[in-house]
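Residue-level structural notes
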Amino acid sequence: MKKFTLLTLSLFMLCAGFAQNAEQVTSVGDPGSGIIYPSQELVEQNGQLFFHTISSATVNQAELWTTDGTTAGTQLVKGIDNVGDRFGVLSVTAAGNQVFFTLDDGIHGRELWKTDGTTNGTVMVKDIFTGPGASSPTLLTELNGVLYFFTYEDGTGRDLWRSDGTAQGTQLVRSFPSAASDSSLVDRLTVAGGKLFFKAQSGSGNELWVSDGTTAGTFEVKDIFPGPNSSRPLGISEVNGMVIFVAGDAINGRALWKSDGTASGTVMVKDFDLLQGVPPSIINTFQAEAVNADFYFSREINNRTQLWKSDGSETGTVMVADFPVDVEGGIRNLVGFNGELYFSALSTAFGHELWKSDGTTAGTIRLSDVNPGAANGFAYDLTVFKGEVYFGAFNATEGAVIWKTDGTPSGTTKVSGLSTGTYAYKLVGLTEFNNSIYFFGAEVTSGAQIWKLKDNVISVAENALESGISVGPNPSYDVFRIQSNAPVSEVLVTDLQGRTVAVSVKNNALDLSQHPTGIYLLRGVVDGRAFSTKLIKL
């Protein structure tokens, strides 16, 4: 069960440019009824991808769809005309064996719905605020097979709810009435260590809270800024079973904190204000990403954006790289892979492009320049798949492009390009599903479309397969076996830096059990033809 939150990139292009390395699975919606706006999420549940569209026609129609990755297996689950607002289906979330979402059907206001993938099984769970008034469920989050969410009604505040998919099992956990004047005072639900963490407003201000799903087990973790003042925790992120966030008080300003859900286990990691006299409000965005035992995060300071690394201690929290740009979100889309951090960063010379870091200044390098020069390539939706990182990007010549990287600049290459054109096209990010990568778009004349990368693009052993060679298992924890109808000679294994790796080769079996996890390159000759393939050592 997976949920992918996907960034929409509005571009100008023709869908014909996909043909070289991607194939269209299906087209949904009626192109004649106006622009078909695609989903912001592709959600996997029970071997299906769920997604939704809404038409811009005179009568707004929201549609929920499902696909197994084939044209024949793409079905309309339910269509609802005259929806009560222009947003249609929102917050599609898998929990247990069900898929939940929110919808305003024009009668009950925006409420919680569920689907089992059938028309009859797509129903409103509960009219929480009865009648046309909307409870507006947000921040739908799964914990131990149960759905949790916040409701909001102007004048009453925010309430935490839980649901098992039945009306009787949809119950209030706790109310936060003082949050009525500012909906941003509750902005995310984060699962860590089997609990839910969030910030909420109470008599002691806006502070960190935790919940085990019960009323008694929902409480303020710590009053970081004592009294009615607010520490306003920012960017609560799960890292190795605990949460990392930024919070402030009268003494320390905005500092890095960590919490295990107890008052004693909620401690400040590092006070940034003591470093450079930074104003308390300087950290406006925050995202932490775990890589092995450490985690990375970014901060904006004095017209610069910095990448930091921490092991959870004050002395182990250090700056890794400094980018001289003053832009909120200058570093974003952090993804850990193969012991390193991949991310999109904005630099003066190259714009927003893909970078990676091994935790050192020298080892923080740019991998791509998709949109050459200072123009932005907007590397987004980083997706780890078959030992490589795939990502969407943009350049002025080709429009939308899909790239992949093996962690080296030379191994960062375009997978599929899209031609520029005259039609407004929305490309929604990449999703791993059914041993491939799927993505979603919408175009004025062709409706909404599901695409996937062709199998030859994502083959781990593309060149070897063309030469009649197979290597398996791949990935493997130890031994890789080369299978061929002809003798294999001149076997050479190198790492991604081109250094020769000493391996034991016996009966066409390569033993990498003594080598670190990572990606290696196998080269050889069979029947007079050279071949190469990647080996993914787990």
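This text follows the structure it describes.
All figures in this text were calculated on a predicted structure; none of them were measured in a lab.

This next bit is on empty space enclosed by the protein. This model, assessed by the stated rule, comprises one cavity of 30 Å³ or more. The space that makes up the largest cavity amounts to roughly 40 Å³. For the largest cavity, the full set of lining residues is Ala 62, Glu 63, Leu 64, Lys 78, Ile 80, Val 89, Phe 101, Leu 103 and Thr 122. The element contributing the most residues to the lining of the largest cavity is strand 7 (residues 61-67), with three residues. When its residues are assigned to classes, the lining of the largest cavity shows six nonpolar, one polar and two charged.

The residue Gly 472 is located in strand 40 (residues 470-472) in this model. Spatially, the C-alpha atoms of Gly 472 and Leu 535 are 9.2 Å apart, while their sequence positions differ by 63 residues. Aside from chain neighbours lying at most four places away, what touches Gly 472 is Phe 480 and Arg 481.

Moving on: the sheet that holds strand 44 (residues 509-511). Sheet strands associate in pairs through backbone hydrogen bonding, adopting either a parallel or an antiparallel arrangement. Within the open sheet, the four strands sit side by side as 40-41-44-43. Their pairing is antiparallel. Each edge of the open sheet carries a strand with a single partner, namely strand 40 and strand 43 (504-506). Ignoring which end each strand starts from, the neighbouring axes of this sheet average 20 degrees apart. Here three bridges tie strand 40 to strand 41 (residues 479-483), and the two strands are oriented antiparallel to one another.

Let us look at unusual backbone geometry. Notably, Lys 386 is not glycine yet its phi reads approximately 50 degrees, a positive angle. Its relative accessible area of 29% is what places Lys 386 among the partly exposed residues. Here the phi dihedral of Asn 434 falls at roughly 50 degrees; this positive angle occurs in a residue that is not glycine.

This next bit is on the pairing of strand 11 (residues 110-115). If a strand is regular, its side chains alternate between the two faces of the sheet. Burial runs high along strand 11: six of the six residues are buried. The sheet contact formed by strand 10 (residues 98-104) and strand 11 spans six bridges and is antiparallel. For Leu 103, the partnering residue across the bridge sits in strand 11 and is Glu 111. Between strand 10 and the antiparallel strand that follows it, strand 11, lie five residues; Gly 106 among them carries a positive phi value of about 85 degrees. One ladder, built from three bridges, connects strand 11 with strand 12 (residues 123-126); its direction is antiparallel. Its bridge partner being in strand 12, Trp 113 is matched across the sheet by Met 124.

Pairing within the open sheet is antiparallel, and its four strands lie in the order 9-10-11-12. The open sheet has two free edges, formed respectively by strand 9 (90-95) and strand 12, since each of these has just one partner strand. Between one strand and the next, the sheet's axes are offset by a mean angle of 35 degrees, whatever the strand orientation.

Each value, and the rule that gives it
Throughout, a residue's number is its position along its own chain's written sequence, starting from 1. Local features in a predicted model are, by the rule used here, given only for residues with pLDDT of at least 70; side-chain atom pairs are given and counted only at 80 or more, and totals for whole chains, interfaces and linings are based on all residues. The side-chain values count all of the structure's non-hydrogen atoms but skip hydrogen atoms and water molecules. Only protein atoms enter the calculation, which uses a 1 Å grid: trapped sets of points that fit a 1.4 Å probe without letting it out are cavities, open sets showing protein on both sides within 12 Å along at least five of seven lines are pockets, and any residue with an atom within 4 Å of a point is a lining residue. Grid points are joined across faces, edges and corners, and a volume is the space filled by probe spheres set on the points. Where helices and strands are cited, they refer to DSSP runs of H or I of at least four residues and of E of at least two residues respectively, numbered from the N terminus. Under the scheme applied here, ten amino acids are nonpolar (Ala, Val, Leu, Ile, Met, Phe, Trp, Tyr, Cys and Pro), four are charged (Asp, Glu, Lys and Arg), and all others, including Gly, are polar. Here a residue-residue contact requires only that any non-hydrogen atoms of the pair lie within 4.5 Å. If DSSP finds at least two bridges between two strands, the strands pair. Here an angle of 0 to 180 degrees is reported between the N-to-C directions of two axes, which are lines fitted to C-alpha atoms, with helices fitted over the stretch in contact. Think of it in three bands: residues with accessible area under 20% of the maximum for their type are buried, residues over 50% are exposed, and the middle band is partly exposed, with areas taken using a 1.4 Å probe on protein chains only.

By themselves, these are just geometric observations and shouldn't be taken as functional.
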